[in-house]
Amino acid sequence: MTVLELRTEIHKAVDNAPESELQKILVYINSVEKPDLDKEKFNQFIDKVFKEDHELLRRLAQ
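This structure is a prediction, so every number in the text was calculated from the model and none was measured.

Trainee: Could you give an account of the overall build of the protein chain, with specific residues and numbers?
Mentor: Scanning the protein chain from terminus to terminus reveals four helices and zero strands. What you see in the protein chain, going N to C, is helices and strands ordered as α-α-α-α. The C-alpha atoms of the protein chain give 21 Å as radius of gyration, which overshoots the globular expectation for 62 residues (11 Å, by more than 25%). Across its three principal axes, the protein chain shows a C-alpha extent of roughly 55 × 30 × 15 Å. Per-residue burial over the protein chain gives 2% buried out of 62 residues. For the protein chain, the accessible surface area stands at approximately 6,100 Å², while carbon and sulfur atoms represent 59% of it. With 10 positive and 13 negative side-chain charges, the protein chain shows a spacing of 6 Å between the two charge centroids.

Structure (structure tokens):
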């Protein structure tokens, strides 16, 4: 299937979706568009925790 065919099918599916589900569809599409930002933020947070709390983590591991 070409990209144009896929986009056409997606548009058809959205057009046929119940109104009550449109918000969920939009949230999903937005999450798919920006997965790297969330993953990068998470990785930065994990790095910060390891740097700031390495002694605590070491003691907990014992």
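Trainee: Describe the pattern of salt bridges, naming the residues involved and giving the relevant values.
Mentor: Applying the stated criterion across every chain, the model contains three salt bridges. When the shortest N-O distance is used, the salt bridge between E9 and K12 registers 3.4 Å. With E9 and K12 both in helix α1 (residues 3–16) and three residues apart, this pair spans about one turn of that helix. The partner of E55 in a salt bridge is R58, and the shortest N-O contact between them spans 2.8 Å. With E55 and R58 both in helix α4 (residues 54–61), this residue pair falls three residues apart, about one helical turn. Using a relative accessible area of 37% as the deciding quantity, one classes E55 as partly exposed.

Trainee: If you had to explain a nonpolar patch on the surface to someone new, which residues and values would you point to?
Mentor: A surface patch of nonpolar side chains, about 460 Å² in accessible area, is lined by M1, L6, I10, V14 and L22. For the nonpolar patch, the leading source of residues is α1, giving three residues. Turning to its location among the elements, M1 is positioned in the segment before α1. For M1, a relative accessible area of 71% corresponds to the exposed category.

Trainee: So, the confidence of the model for the protein chain: which residues are in play, and what are the values?
Mentor: Any segment with low pLDDT has predicted coordinates that should not be analysed in fine detail. With 95% of its residues at a pLDDT of 70 or more, the protein chain shows a mean pLDDT of 86. Mean pLDDT across the elements of the protein chain bottoms out in α4 (80) and peaks in α1 (93).

Each value, and the rule that gives it
- Note that residues are indexed from 1 along each chain, following the sequence as it is written.
- Reporting of local features is limited, given that this is a predicted model, to residues whose pLDDT is at least 70; pairs of side-chain atoms are given and counted only at 80 or more, and all residues count toward the totals for whole chains, interfaces and linings.
- Each side-chain value is derived from all of the structure's non-hydrogen atoms; neither hydrogens nor water enter the calculation.
- The helix count covers DSSP runs of H or I at least four residues long, the strand count covers runs of E at least two residues long, and both are numbered beginning at the N terminus.
- Atoms counted for the radius of gyration: C-alpha only. Globule rule: 2.2 Å times the number of residues to the power 0.38.
- Residue burial is assigned from relative accessible area. The probe radius is 1.4 Å, only protein chains are included, and a residue is buried under 20% of its type maximum, exposed over 50%, and partly exposed in between.
- Surface exposure here means Shrake-Rupley accessible area, sampled with a 1.4 Å probe, where a residue is shielded only by the protein chains that are shown.
- Residues scored as positive are Lys and Arg, those scored as negative are Asp and Glu, and His as well as the terminal groups of each chain are ignored.
- Here the site of a charge means atom NZ of a Lys, CZ of an Arg, CG of an Asp or CD of a Glu.
- Here, a salt bridge means any side-chain nitrogen of Lys or Arg that lies within 4 Å of a carboxyl oxygen of Asp or Glu.
- Patch membership requires more than 30% relative accessible area and the absence of a salt bridge. Residues of like charge join within 9 Å; the nonpolar side chains Val, Leu, Ile, Met, Phe, Trp and Tyr join within 5 Å.
- The pLDDT value tells you how sure the predictor is about a given residue, anywhere from 0 up to 100.

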